[in-house]
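Tertiary structure, described
Below, each chain spelled out in residue letters.
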Amino acid sequence: MSALPPVASSLQLETFSPLPAPQIDLTGGAAKFRAMLEAIEKLLILQDRDRHIMHVRAQLGQVEPERAMLHSKAASTQAGFEAAKLRGKQIESEKKRLELDVEAKKTQIEKYANQQLQTRKNEEYKALAHEIETCKGDIARIEDQEIELMEQAEVAAKQVVAAQQAANEAKKIVESQIAEIAAREQNLKKELAQYEADRDKLAAAVDEGTRSRYERLFKNKGGMVIVGVQHGVCGGCHMKLQMQLIVSAQAQQEIVTCSNCGRILYYTRDMDLAVKD
Ligand SMILES: [Zn+2]
């Protein structure tokens, strides 16, 4: 997260020498200059506070998606465990079905063998012998399938153990992270409440017209609206300022705004007025 810019601490009345424009009455101009300077200073502090508030709100905005992401992470590892268990059960029931098939074939063979004992017809005897061979072939095929299933069951059992472990671990981690998030959320909310209360006091100290102008700008520009004049450019949009605007910003007799972006301009003595090429 980026550090917020410090409130221009150089904005102290003592550091300024009055720079009245020739046509302005000296006493009135100096008084206006001081008043304007104070207003700008208050706006800078307010802006600093508003940026903090914006920052905290953005962090708070992250809380819910983060929590949802953790819940879904836990849910998906749990689902993986359930799926592995289900697969194991399916293999087990498939194995049982095959065992029953083998039993049925064996019963069938016994039945054919009994029929062979009872018949005197050579043709019938041969036909029954053929049936018995077919059943034995079926049993051999089913037993091959059973072996394959046993191998699959072994793999599935290992997967169940691994999936259960993964689900348990994820649950533990997610629970602790969710607790962390809850604590962070609480702190942020507390911080926000303090900032907001503080902000209300700071805002009340700025005259209403200037404040609503500032607030509109802050909302539209997203956080950086009281900007300095450096190297003859606007500190917000970095466009070159007309000389008249720079002179007005220096004179500080009224709120001066950038003709390009509309941000409120201010000037302090340590700002370099030389235009950079
Ligand atoms: Zn600008």
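Residues numbered from 1 in each chain as written. Predicted model: local features only at pLDDT ≥ 70, side-chain atom pairs only at ≥ 80, totals over all residues.

Overview of the overall build of the protein chain
Helix and strand counts for the protein chain stand at 4 helices and 4 strands. Counting helices and strands in the order they occur from the N terminus, the protein chain gives α-α-α-β-β-α-β-β. Buried positions account for 16% of the 277 residues belonging to the protein chain. Excluding contacts between residues fewer than 6 apart, the proportion of contacts in the protein chain whose partners are at least 24 apart in sequence is 73%. (Helix = DSSP H or I, 4+ residues; strand = E, 2+ residues; numbered from the N terminus. Buried ≥ 20, exposed ≤ 12 C-beta atoms within 10 Å, placed from the backbone. Contact = placed C-beta atoms within 7 Å.)

Describing unusual backbone geometry
Negative phi characterises most residues that are not glycine, and trans characterises most peptide bonds. Phi is positive for His231, close to 50 degrees, though the residue is something other than glycine. Note on placement: His231 falls in the loop between β1 (226-230) and β2 (233-234). Its identity is not glycine, yet Gln252 carries a phi of approximately 50 degrees, on the positive side. Structurally, Gln252 is set in the loop between α4 (243-251) and β3 (256-257).

Comments concerning the confidence of the model for the protein chain
Detailed reading of predicted coordinates is not advised where the pLDDT is low. Confidence along the protein chain averages 89 in pLDDT terms, with 88% of residues attaining 70 or more. Model confidence for the protein chain, summarised as mean pLDDT per element, is weakest for α4 at 91 and strongest for helix α2 (residues 122-204) at 96. Note on residues 1-24: pLDDT under 50 across the span, and 33 contacts to partners over four residues away in sequence or across chains. (pLDDT = per-residue confidence, 0-100.)

Topic: the pairing of β1
Across 3 bridges, the pairing between β1 and strand β4 (residues 264-266) is parallel. Bridge pairing links Gly228 to Tyr266 in β4. The sheet contact formed by β1 and β2 spans 2 bridges and is antiparallel. Residue pairing in the sheet places Val229 in a bridge with Cys234 of β2. Once β1 ends, the chain turns through 2 residues before running back antiparallel as β2, passing His231 with a positive phi of about 50 degrees. (Pairing = 2+ DSSP bridges.)

Thoughts on the nonpolar core
Ranked by size, the top nonpolar core spans 23 residues in total, and within it Leu43, Val225, Ile226, Ala249, Ile264, Leu265 and Tyr266 carry the most contacts. When contributions to this core are tallied by element, the ones reaching two or more residues are α1 (26-118), α3 (208-221), β1, α4 and β4. With 5 residues, the top contributor of residues to this core is α1. For Ile264, the residues in contact, after removing those within four places along its chain, are Leu43, Tyr214, Leu217, Val225, Ile226, Ile255 and Thr257. Counting residues in each nonpolar core, the second largest holds 5 residues, with Phe81, Ala84, Ala156 and Ala163 among its members. (Core = buried A, V, L, I, M, F, W, Y, C linked by C-beta atoms within 7 Å.)

What about the sheet that holds β1?
Read from one edge of the open sheet, 4 strands run β2-β1-β4-β3, paired in mixed fashion. Whereas interior strands pair on both sides, the edge strands pair on one side only; in this sheet they are β2 and β3.

Topic: the environment of Gly232
Secondary-structure assignment places Gly232 in the loop between β1 and β2. Sequence separation of Gly232 and Asp272 is 40 residues, and the distance between their C-alpha atoms is 7.8 Å.

Some points on α4
Residues of α4 that are buried: Ile246, Ala249 and Gln250. In an axial view of α4, the angular spread of the buried residues amounts to 100 degrees, which keeps them on one side of the axis. Buried residues in α4 make contact with β1, β3 and β4. Looking one or two residues past α4, Gln252 carries a phi angle of roughly 50 degrees, positive in sign. (Arc of directions from axis to C-beta.)

With respect to α2
Counted at 1.5 Å a residue, the expected span for α2 with its 83 residues is 123 Å, and the 115 Å between its end C-alpha atoms agrees. Turning to α2, its buried residues are Leu128, Cys135, Ala156, Ala163 and Ala167. (Expected span 1.5 Å × (residues − 1).)

Observations concerning the environment of Ser259
Take Ser259: it is sitting in the loop between β3 and β4. The class for Ser259 is partly exposed, based on 13 C-beta atoms found within 10 Å. In this structure, Ser259 is in contact with Gln242 and Leu245, ignoring residues within four places of it in sequence.

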